[in-house]
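What follows is each chain in one-letter form.
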Amino acid sequence: MKKMRRSPGRLVQNARVLRKKLDTMLGEDWRVFRAKLVAKEIVEIQEKAQSQACSEPEFHDDQLERQAHIGNIFAGAISSIFSSGQKGSAQGSSDKDNENIFDGDHVGGADVYDVISKDCPDPFVTHDEVPIMLRPADNLINKAHWAHPIGHIEPGCVLIANEKLGGVFHQTVVLIIEHHEKKGTTGIVINRPLRGNLFKVAQETTSNVDVSLRLAFNVSPVSYGGPVMPEEYSILHTHGYIKDSVRVAPGIYVGGSRELVDEVRRNELNPSDALFVKGHAAWVAGQLRREISKGVWYTASCSEDFILRYVKPHDNSIRGEDLWTELLTTMGGHFEDIAWKHSGKGDTRMMP
């Protein structure tokens, strides 16, 4: 009696499915868990501040100022959880170099919740004055849709351009792919979708893309990734770990184009579920930290629906028109104020 043998392709597929399940079960929890810790810390700090305000025998002008500077509460919460030595990214500077950096030159390789005690004697404090929406204590974050600032750089985090930054990075969101203190940092812009699919874009622009890739992924969406090596493409996908791919966050991968071609041919991957990113951003060792310290970027962690906004553009449930504004709004506090003041241009723009 002959023993049935499983084909190597089937074994690889099963292993990939198992890996994706493990990513979901284990890898995803730490980012959501951290987001919950941040939210909880914010609540505790706000409640403490509220308690201290209620205990004051007299009314002082600085009690109103705490609402105007609600963002400082967020910054305190993050710094108490993650000690990184990063200075406030929104801090201004009168230094000429700090002013020039917002022109966009040499950047990236380019030439809520509150509770007011019912016993609070302060007659001036009302729910309407609190800029953070009241939420149940057992539901501090939306697991599928969250974002918060962090005080360090890590693969899978995003850089949100300061509202003053000009050039090709104006109002961009950059996904960090790799970060090494000695080797430098690489990332890709994820909120600049280009008009047309891979077949059209590769045909109309200077592109270095293999013919087999162009044919297999002819209908795949394309996005501008940055000013470094703009003729080269990388692939952002959720298909799971494959040879030559890099896991940037739980369930989110970059690379592995040759293996993905075979997946498309076996009907294991829909070409529309892979985003081709044209070009990338890069920083030499220490450069990105200097830019962050000067306020060029806001550093944040966010849920995958933000990162994958244009990976599956046909999914209208996660598609938006202004990722920069939406991320800042979700982060809340003074970030939300920035979003309201500077929103309106959207993600689709004329790119170089």
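Preceding this paragraph is the structure being described.
Predicted, not measured: the structure shown is a model, and the values here were computed from it. The written sequence of each chain sets the order in which its residues are numbered from 1. pLDDT decides what is reported in this predicted model: residues at 70 or higher carry local features, side-chain atom pairs at 80 or more are listed and counted, and totals for whole chains, interfaces and linings draw on all residues regardless. No hydrogens and no water enter the side-chain calculation; it runs on all heavy atoms of the structure.

A. The overall build of the protein, seen in detail. The helix and strand labels rest on DSSP assignments: H or I over at least four residues marks a helix, E over at least two residues marks a strand, and numbering proceeds from the N terminus. Counting secondary structure elements, the protein contains 11 helices and 11 strands. Within the protein, the fraction of its 352 residues that count as buried is 47%. For accessible areas, the Shrake-Rupley method is used with a probe of radius 1.4 Å. Any residue's cover is judged against the shown protein chains and nothing else. Within the structure as shown, the protein displays about 18,900 Å² of accessible surface, and the carbon and sulfur contribution to it stands at 52%. Three exposure classes are used, based on accessible area relative to the maximum for each residue type with a 1.4 Å probe and protein chains only: buried under 20%, partly exposed in between, and exposed over 50%.

B. Here's a closer look at helix α11 (residues 333–342). When we look at burial in α11, the residues that qualify are G333, F335, I338 and A339. Where α11 terminates, the next one or two residues include G344, which has phi positive at roughly 125°.

C. Inspection of the pairing of strand β9 (residues 252–255) at higher detail. A pair of strands counts as paired when DSSP detects no fewer than two bridges linking them. Bridge count between strand β7 (residues 228–237) and β9: two bridges; the pairing is antiparallel. Looking at the pairing, H237 lines up with Y253 of β9. Two strands pair when backbone bridges link them, and strand β8 (residues 245–249) and β9 are joined in this way by four bridges, in the antiparallel orientation. In the sheet register, A249 faces β9, and the bridge partner there is I252. Hairpin connection between β8 and β9: a loop of two residues separates the two successive antiparallel strands, and G251 in this loop has a positive phi of roughly 80°.

D. Focus on the packing of aromatic side chains. Only rings of Phe, Tyr and Trp enter the pairing, Trp through its six-membered ring, and a pair is recorded when the two centres are within 6.5 Å. The plane angle decides the type: under 30 degrees is stacked, over 60 is edge-to-face, the rest tilted. The full count for this structure, using the stated rule, is five aromatic pairs. Ring centres of Y298 and F335 lie 5.3 Å apart, and the angle between their planes is 85°; this geometry places the pair in the edge-to-face category. Separated by 37 residues along the polypeptide, Y298 in strand β11 (residues 297–302) and F335 in helix α11 bring together distant segments of the chain. For the pair Y298 and F335, one class covers both residues: buried. Taken together, the ring pairs in this structure connect F169, W283 and W297 into an aromatic cluster.

E. The arrangement of helix α7 (residues 257–265) in detail. Within α7, the full set of buried residues consists of L260, V261, E263 and V264. One side of α7 holds all its buried residues, which, seen down the axis, span an arc of 160°. Opposite its buried face, α7 presents the exposed residues R258 and R265, each directed more than 90 degrees away. In the segment just after α7, N267 is the residue with positive phi, at about 60°. This arc describes the spread of directions from the helix axis toward the C-beta atoms.

F. Main features of the environment of R247. Mapped onto the secondary structure, R247 falls in strand β8. When the C-alpha positions of R247 and H237 are compared, they lie 9.9 Å apart, and in sequence the two are 10 residues distant.

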